[in-house]
Amino acid sequence: MQIMKNIPLSERLASAFIGAIFGAVIGFIVAWLLGVYSQTLGPGQFDVSMAPWVGTSTCIFALIGLLIGQHIATMISNAFTALLEFETLGHYGLPSWWKFIVLLVIIGGGYLSLK
């Protein structure tokens, strides 16, 4: 925790910017997977509006980047890995809601690995 207090403001702002950019991409991917098509879930099962997903994901990743600095790169890579693993779980025959739970656990585990 001590190391997070010593992050310069310029690094925090740059990390927030990077987090916002990749957060928007992640939000778009999640909205696409839920609303349009997912290899794991099949055709879109939900009526999803892209703007709230992209906006929320952008804000969350920007805030995390502001708080943890350059460690946002680990968070972003964990999120992309979780999305990739979620999409490849269809090959293992798990029920679709179990796959969604596994995705949430993977993302949560990635967050906890930063602490």
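Refer to the structure above for everything that follows.
Residues numbered from 1 in each chain as written. Predicted model: local features only at pLDDT ≥ 70, side-chain atom pairs only at ≥ 80, totals over all residues. Heavy atoms only, no water.

Undergrad: Is there a simple way to explain the nonpolar core in this structure?
TA: The nonpolar side chains of a soluble globular protein tend to be buried, and buried together. Of all hydrophobic cores here, the largest spans 13 residues; its most connected members are I26, F61, I64, I72, M75 and I76. Elements represented by at least two residues in this core include exactly α2 (9–35), α3 (50–68) and α4 (72–88). Top contributing element to this core by residue count: α4, with six residues. (Core = buried A, V, L, I, M, F, W, Y, C linked by side-chain atoms within 4.5 Å. Buried < 20%, exposed > 50% of the residue type's maximum accessible area, 1.4 Å probe, protein only. Helix = DSSP H or I, 4+ residues; strand = E, 2+ residues; numbered from the N terminus.)

Undergrad: Sorry if this is basic, but what is going on with the packing of α3 against α4 here?
TA: Helix packing geometry: the angle between the two helix axes and the distance between the axes. It is the contact of α3 with α4, at a shortest axis distance of 9 Å, that shows an interaxial angle of 145°. Here α3 contributes F61, I64, G65 and I68 to the contact with α4, which in turn contributes I72, M75, I76 and A79. (Axes fitted to C-alpha atoms, helices over the stretch in contact; angles between N-to-C directions. Contact = heavy atoms within 4.5 Å.)

Undergrad: Is there a simple way to explain α4 in this structure?
TA: Along an α-helix, a turn takes 3.6 residues, which lines up residues three or four apart on a common side. Over its 17 residues, α4 extends 24 Å from the first C-alpha to the last, a length consistent with the 24 Å expected when each residue adds 1.5 Å. All buried positions along α4 are accounted for by I72, M75, I76, A79, A82, L83, F86 and E87. When α4 is viewed along its axis, its buried side chains cluster within an angular range of 130° and face the same direction. (Expected span 1.5 Å × (residues − 1). Arc of directions from axis to C-beta.)

Undergrad: Looking at this structure, I do not really get the side chain of S15. What am I missing?
TA: Assignment of secondary structure puts S15 in helix α2. Reaching out from S15, the side chain makes a polar contact with the backbone oxygen of E11 at a distance of 2.9 Å. The residues contacting S15, other than those within four sequence positions of it, are G65, G69, Q70 and I72. (Polar contact = N/O pair within 3.5 Å; in protein donor to acceptor, adjacent residues only side chain to side chain.)

Undergrad: I tried to follow the environment of E85 on my own but got confused; where do I start?
TA: Positionally, E85 belongs in helix α4. Counting along the chain gives 45 residues from E85 to T40, while the straight-line C-alpha distance between them is 10.0 Å.

Undergrad: What's the story with the packing of aromatic side chains in this structure? I'm lost.
TA: In this description, a pair of aromatic rings is defined by centroid distance and the angle of the planes. If you walk through the whole model with that rule in mind, you get two aromatic pairs. Between the aromatic rings of F22 and F80, the centroid separation amounts to 6.3 Å while the plane-to-plane angle is 85°, which identifies the pairing as edge-to-face. One end of the pair, F22, is in helix α2; the other, F80, is in helix α4, and 58 residues separate them in sequence. (Phe/Tyr/Trp six-rings, centres within 6.5 Å; stacked < 30°, edge-to-face > 60°.)

Undergrad: Just checking my understanding: could you explain the packing of α2 against α3 for this structure?
TA: At a minimum axis separation of 6 Å, α2 and α3 run at an interaxial angle of 150°. Taken together, the axis directions place α2 and α3 in an arrangement best described as roughly antiparallel. Between α2 and α3 lies a crossing of right-handed hand. A per-class count over the contact of α2 with α3 returns 17 nonpolar, seven polar and one charged. (Parallel < 35°, antiparallel > 145°, perpendicular 65-115°, else oblique. Left-handed = near helix turned anticlockwise from the far one by under 90°. Nonpolar A, V, L, I, M, F, W, Y, C, P; charged D, E, K, R; others polar.)

Undergrad: What is the right way to look at α3 in this model?
TA: Compared with the 27 Å implied by 1.5 Å per residue over 19 residues, the 27 Å span of α3 between its first and last C-alpha is a close match. Residues of α3 that are buried: S57, F61, A62, I64, G65 and I68. One face of α3 carries all of its buried residues, which in axial projection span an arc of 165°. For α3, the exposed residues set more than 90 degrees away from the buried face come down to A51 and C59. Two residues or fewer past α3, G69 is found with a positive phi of approximately 65°.

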